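# An overview of the molecular structure
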Amino acid sequence: MLQPARRKYRKEFRGSMGGVATRTNELSYGEFGIKTLESGWLSANEIESARRTITHHTKRVGKFFLRVFPHKPIGHKTPGARMGSGKSDVSGYVAVAKPGQILMELSGVTREVAMEAIRLAGHKLSVKTKFIEKENA
C-alpha cells in the first residue's frame, strides 16, 4: 500500500474539495490516461487495485505512470463509539481527487488495449472517470 514515509503532523483536517484541478489536468508522460469527473477521496487500496488491474491487462507491456499519491491521513472511529473524545487514530491514507485531474497515464500500448485497461481500472475507483488520449496519438 502507498503511504508517506514520514509526516510532519500525524493527523490532518478533512478539508474542502471544491473547485477543479488546475495543475494535473493534462497528459504529461503518456499517450492515454484516466481523468476524474468528480471530486472525492481515493484510498490507497483503490489506487493499488487500479494500478494492478492496468499492469495485469497490459501484461506489463508499455510504460505506466501514476500521477496521484495518498498523502492525507484519515481515521475511522470504532462502531459503537460515543460522540466526542477527539479524533481516532490514523487508519489509512487517501489522495484528494478533483474534477479534471489525471490519475494515471499509459504509453507504449495500442489504443484498444489502453482503453480496456483504463475502463477496468475505472471500476475500481470511487469517483467517476473517463478515458482520455493525446490529440496527436
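Scroll up to find the structure.
So, here is what we can say about the structure in this document. Not measured: the values here are computed from a predicted model.

## Focus: the sheet that holds strand β3 (residues 63-66)
- Reading across from one edge, β3-β6-β1-β7 is the order of the four strands in this open sheet, with antiparallel pairing throughout. The sheet is open, and its two edges are formed by β3 and β7 (129-133), each paired on a single side. The mean inter-strand angle of the sheet, taken between neighbouring strand axes irrespective of direction, is 20°.
- By the bridge criterion, five bridges tie strand β1 (residues 32-36) to β7 in an arrangement that is antiparallel. Bridge pairing in β7 links F32 to E133.
- Running over the sheet, helix α1 (residues 44-57) touches β3 and β6 (102-107) and is turned about 15° from β6.

## What to know about the sheet that holds strand β5 (residues 92-97)
- Strands sit in the order β2-β5-β4 across an open sheet of three strands; the sheet is antiparallel. Only two strands of the sheet have a single partner each, and these edge strands are β2 (40-43) and β4 (72-74). The sheet shows a mean angle of 50° between the axes of neighbouring strands, taken without regard to direction.
- Bridging between β2 and β5 involves four bridges; their strand directions are antiparallel. Bridging across to β5, S43 finds its partner in V94.
- Seen against the sheet, α1 touches β2 and β5 and runs at an angle of roughly 65° to β2.

## Some details on α1
- With 14 residues, α1 should cover 20 Å at 1.5 Å per step; its first-to-last C-alpha distance of 20 Å lies within 8% of that length.
- When α1 is considered as a whole, its buried residues turn out to be A44, E46, I47, A50, T53 and I54.
- On its buried face, α1 sits against β2, β3, β5, β6 and α2 (111-122).
- Count one or two residues on from α1 and you reach K59, which has phi positive near 55°.

Rules behind the numbers
- For every chain, the first residue of the written sequence is number 1, and numbering continues from 1 along that sequence.
- A pLDDT threshold of at least 70 governs which residues receive local features in this predicted model, and a stricter bar of 80 or more applies before side-chain atom pairs are shown or counted, although totals over entire chains, interfaces and linings include all residues.
- Think of the side-chain values as coming from all heavy atoms in the structure, minus any hydrogens and water.
- Should DSSP find at least two bridges between two strands, the strands are taken to pair.
- Counting from the N terminus, the helices are the DSSP runs of H or I reaching at least four residues and the strands are the DSSP runs of E reaching at least two.
- Axis definition: a line fitted to C-alpha atoms, over the contacting stretch in the case of helices. Angles run 0 to 180 degrees between N-to-C directions.
- Residue contacts are defined here by distance: any two heavy atoms, one from each residue, within 4.5 Å place the two residues in contact.
- Each helix should span, by expectation, one fewer than its residue count multiplied by 1.5 Å.
- Per-residue accessibility, obtained with a 1.4 Å probe over protein chains only, is compared with the maximum for each type, and a residue is labelled buried under 20%, exposed over 50%, and partly exposed between these values.

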